[in-house]
Amino acid sequence: MSAQALGGLNIPITPSMMGTGTGSRRLVYPLEGSMAGMMPTPASANSPSAYTILDVDQNAYLFVGGIFGKVKKAEVVRTSTFTGCMGETFLDGKPIGLWNYRQRQGDCKGCVVSPQRSDGEGTVQLDGEGYAAVGRPTRWNPNISTVAFKFRTFSSDSLLMYLATEDMKDFMSLELSEGAVKVNFDLGSGVGSAKSAKRHNDGRWKSLTVSRNKKQATVTVVDVDSGAEEKMTVISQGSATGLNLKESQRIYFGGLPTIANYRPEVTLKRYAGCLREIEVSRTPYNLLSSSDYTGVTKGCNVENLYTVSFSKPGYVELSGLLLSVGTEISLSFSTLEDTGTILLAVGGAPPVEQQTRSSSILSNKRRRRQSGEPFLSVMLNKGSLEVLMFTGSHSPRRVVRRPDQGVLNDGREHSLRIERLPGRSFAVQVDEEAKRETALPNDQPVNLHRIFLGGIPAEVEQTSNRVNVPFQGCIWNLMINTILSDFSQPVSFENAEIGQCPNLAPPPPLPPLLPDEEDESGKGKEEVKPLDPSPVPVPPAVATPPAPAATPTAAAATTSEQKPTADTDACASAVAPPVLQNAYQFGLTRNSHMSFAFDDAKVREKLILEFELRTKEDSGLLLYMARINHADFVSLQIKDGQACLGYDLGHGNISGCVPYSINDGNWHKIRVNRNKQRAVLQVDGRYAKQMMSPKKADLLDVVGMLYIGGLPQNYTTKRIGPILYSINGCVRNVRVMGGPVSTRSPTTGRSESVPEDFNLNMATPTSRHMVGSCFEAMEAGTYFDGTGFLKAVSSYRVGLDVSIAFEFRTSRTNGVIVAVSNQARDGLGIEIAGGKLLFHVDNGAGRITAAHAPVGGGFCDGGWHTVVAKKLRHKVELVVDGQQSQAESPNARSNTCDTNDPIYVGGYPAGVHQAALTTSRSFRGCLKNLKITKASKTMDVHFNKALEIRGVQPLSCPAAAA
């Protein structure tokens, strides 16, 4: 962050900044120009000998850029203002966010270019999902090479560095394997490998140096703080002596790109942790200066970690607790396995004589009870959650939550809360379910000396006669009496990925692909391009709809239709579908959204969000605002039909859902009221969920842009899980408030603090993309307003056989439904013409047409009609509402429709040739369940994922009049 100051900022002092100091040094030197990089001669001065401590606490003021006028400054301070730009600011080595201010005075704003210190250390943090690639040093001696850097991590298994020749005969890798440093290299005639005897993933800085001279390499690992050193020698096999890396070849740090071939000895697991002072053959590297990196950020933070994951048997040991009446323990977990130890807290170690005594398992259990060793156990056992508490007398007491009440090993987030109650009992609550209570033999405090997560070490397994049942998955936010446990300060751990948690929840299903067709006429196999599962960029006139208008469609455009002066082919009963004023339909595409600019300073301490939602969907994104790097954010999502709030104030996220389904197609009012750390999510004024962000951060630092309904196509975040797609639903009455601001009460005359309304108007957003109007009543389907079309598939070969099925209802007697054609004579088309449904196919020898003439009110009856159209070589069949008609070509040898062209639905663009249609009129009405079947494989056409959309509103159809 940077700020241009012509005034001043009042920055909060956080506990991490507090402390006392006995000395300080100030250095001033240029960051740019010819003298940049030159270190100045330091100047110093001493305070009076009796005054040695600079005492700074949370009540102190820290001013940046100036001093507020009402604040008295020391006489030695000669000025109280600063004009210019300030970049990164630190206090005792800890960064201060310049936008994280309590108060602002004067004209302070962002700088286009901020001064940046040239970070000689180049300290970076990798998030476990990225990597950085750098070029080979210009000076490279194949026989002698050195790799050196410092690392800091809790990662057990991951790749630190990799380089290889194009044929992969020569390579070198540095890895972490079960926490130990592992080195592999091959000079072309055989691999040399070595692994350190000690683990070096303890969260402390380590210095790693590999010095190779021909076949022999010396590996040195030094603990930076203690100076403890471990050395290894590695010798490659065979006679080759040179590592012949070409100048064009890359050196990778922290991981590897997913699409490439690598040596089989190398782990593909990416590194989560910090790197600094990287040198290869005496050439320094700053990974952030690379042109190819992802998941890499400046700085290093491996403190205050509240997440741990286990992919193989391991554990984390934490310090113990006193389990007395009133004690609460809570945590969250996710797993795909039905059995495993989540938490085990045990009393002190048994006496030495008990450890050495050998007897049967039964007598060991009886002796453990007689010794009075208490414990608390939480585990999954074949899908059941079992909580056992033993106070040291009588027998353990158990609470069981069985899988028939809901599966817990589904990869999703689940919460657990254990509370010791007055009156000799304890309670267990899973997610938002009712509490389960059971009695205890006494209410005496229980001293549990050791806490284990994810499993237990071998020595505990032996001394307590317990079988280790390892847990696979994630555990996070362990809280004991509302205090979060910091996993970065473990007593011990093994095979635990501290600070990391993969997303185990099942991904959303992908749309099916169209199969390749084997052309039986000898023309070979043609490529059939499936519907792209992600939105495809289209020209601005297509992708960006106009401002809201009375039409309910997402966009409008000119097609090839011959526009009559009046709608002469409209059904007699046709009326414009009634729409709701000031309500807007999202979900027309994955990235359907509106954006609104606002003053971010007004939401720092307080934020109120209100709106109404109508949807039938299980999931989708409702709202998002965030900092540039997404460290701070607020999100609202629908998950499993429930409203869910998530937010992070910079020191850990918190999320929760109101356990009340709102995806019933009715309007529901959602309200979020955040005041500093605390937030309340409320639905319909009746159901609520309260949340408190972790630690003491209480300011929301976001960019002043609010996204409603979804996110732009090139905007993404990893903070809120996989639900990044637009909600398919209607939103109205959006209200955003911040503040507070002071106002005078008309009744008491006193000054009061009230939230400030931002007065957002959904009719005039800052930007919008693929947003439609809301129908008063709606049903499943996609609405075509009679002015446009959608492009469903970019390239399609009809070939010998194909079947097309769909349902429709219309308010016109003419209109294109489906069309595909080459630029010559081959094509396929389904249309309504003169009130009849026609199915045309032209294999190049003349058009074949099957026609259906409805009876009674025809297709203007306002009802849904079912259609199946089949092309069978030189024959066509059409079945409409169970009534079949057919036709065939007299030329049986002409049986293949040679297209390699787009499929259009509801119309087609001006200038596009269609060989198998008689009308160019766009379809008006609703379509649903369009399926294209070839070679016994069916593709469902998802209208909201079309390549072009004009005059069409996907996933929303006005309900037919009663």
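The rules behind these values
Residues numbered from 1 in each chain as written. Predicted model: local features only at pLDDT ≥ 70, side-chain atom pairs only at ≥ 80, totals over all residues. Heavy atoms only, no water. Helix = DSSP H or I, 4+ residues; strand = E, 2+ residues; numbered from the N terminus. Buried < 20%, exposed > 50% of the residue type's maximum accessible area, 1.4 Å probe, protein only. Contact = heavy atoms within 4.5 Å. Areas by Shrake-Rupley, 256 points an atom, 1.4 Å probe, with all protein chains shown as cover. Core = buried A, V, L, I, M, F, W, Y, C linked by side-chain atoms within 4.5 Å. Domains from an automatic or database assignment. Pairing = 2+ DSSP bridges. Axes fitted to C-alpha atoms, helices over the stretch in contact; angles between N-to-C directions. Disulfide = S-S within 2.5 Å. pLDDT = per-residue confidence, 0-100. Phe/Tyr/Trp six-rings, centres within 6.5 Å; stacked < 30°, edge-to-face > 60°. Lys NZ or Arg CZ within 6 Å of the ring centre and 35° of its normal.

### Digging into the overall build of the protein chain
- Tallying secondary structure elements over the protein chain gives four helices and 68 strands in all.
- For the protein chain, buried positions account for 49% of its 962 residues.
- Partitioning the contacts of the protein chain with sequence separation of at least 6, the portion at a separation of at least 24 is 73%.
- Summed over its atoms, the accessible surface of the protein chain is roughly 44,900 Å², and 49% of this surface lies on carbon and sulfur atoms.

### Considering the nonpolar core
- Membership of the largest hydrophobic core comes to 43 residues, with the highest contact counts inside it found for I342, L343, I418 and I498.
- A domain split of this core shows at least three residues from each of domain 2 (123-298) and domain 3 (307-349 + 373-498).
- In this view, L343 contacts L331, L376, S377, V378, I451, F452, L453 and L478; residues no more than four positions away in its chain are not counted.

### Looking at the sheet that holds strand β45 (residues 653-661)
- Read from one edge to the other, the open sheet built from seven strands follows the order β45-β44-β43-β42-β49-β40-β52, with strand pairing classed as antiparallel. Each edge of the open sheet carries a strand with a single partner, namely β45 and β52 (767-769). For this sheet the average axis-to-axis angle between neighbouring strands, irrespective of direction, equals 10°.
- Here six bridges tie strand β42 (residues 620-626) to strand β43 (residues 632-639), and the two strands are oriented antiparallel to one another. When the bridges of β43 are listed, M625 appears paired with V634.

### Some words on the pairing of strand β17 (residues 229-235)
- What you see with β17 is a clean split: E230, M232 and V234 sit on the buried side and E229, K231, T233 and I235 on the side with no burial.
- The sheet contact formed by strand β16 (residues 216-223) and β17 spans seven bridges and is antiparallel. Note that in β17 the partner of Q216 across the bridge is I235.
- If you look at the hairpin formed by β16 and β17, you'll find five residues sitting between the two strands, and G227 has a positive phi there, around 80°.

### Remarks on the state of the cysteines
- Following the criterion strictly, the structure yields six disulfides and no others.
- The disulfide that involves C730 links it to C774, with 2.1 Å between the sulfurs. Its S-S torsion of approximately -125° makes the covalent link between C730 and C774 left-handed. Pair noted here: C730 is in strand β50 (residues 729-744) and C774 is in strand β53 (residues 772-775), with a separation of 44 residues, a long-range link.
- C774 gets classed as buried once you look at its relative accessible area, which sits at 0%.

### Let's talk about the environment of A679
- Structurally, the position occupied by A679 is in strand β47 (residues 678-683).
- Along the backbone, A679 and M692 are 13 residues apart, and their C-alpha atoms lie at a distance of 6.3 Å.
- Once residues within four sequence positions are removed from consideration, A679 is found in contact with L645, Y647, N673, R674, K689, Q690 and M691.

### As for the side chain of H630
- As for its position among the elements, H630 is in the loop between β42 and β43.
- Once residues lying within four places of it in the same chain are set aside, the contact partners of H630 are Y624, Y715, T716, T717 and R719.

### Observations concerning the sheet that holds strand β35 (residues 492-494)
- The seven strands are arranged β28-β27-β26-β25-β32-β23-β35 in an open sheet whose pairing can be described as antiparallel. The open sheet has two edge strands, β28 (397-401) and β35, and neither has a second partner. Put simply, the sheet's adjacent strands are angled 20° from each other on average, direction ignored.
- Here four bridges tie strand β25 (residues 340-346) to strand β32 (residues 446-453), and the two strands are oriented antiparallel to one another. Residue pairing for β32: A345 is matched across the bridge by I451.

### Quick notes on unusual backbone geometry
- Unusually for a residue other than glycine, N759 sits at a positive phi of about 55°.
- Structurally, the position occupied by N759 is in the loop between β51 (751-757) and β52.

### Some points on the confidence of the model for the protein chain
- The predicted model of the protein chain has a mean per-residue pLDDT of 83, with 80% of residues at 70 or higher.
- Note on residues 15-25: pLDDT is under 50 here. Beyond four places in sequence and across chains, it has 24 contacts.

### Concerning the packing of aromatic side chains
- Scanning all chains against the criterion turns up 20 aromatic pairs.
- Taken together, F784, F806, F808, F859, F923 and F943 form an aromatic cluster joined through their ring pairs.
- The positively charged end of R199 is found above the aromatic ring belonging to F493, 4.7 Å away from the centroid.

### What about the pairing of strand β61 (residues 865-872)?
- Across the two faces of β61 the burial differs, with H865, V867, A869 and K871 buried and T866, V868, K870 and L872 not buried at all.
- The pairing of strand β56 (residues 801-810) with β61 spans eight bridges and is antiparallel. Paired with E807 across the bridge in β61 is T866.
- Of the pairings in the sheet, the one linking β61 to strand β62 (residues 875-880) comprises six bridges and is antiparallel in character. By the bridge assignment, L872 is partnered in β62 with K875.

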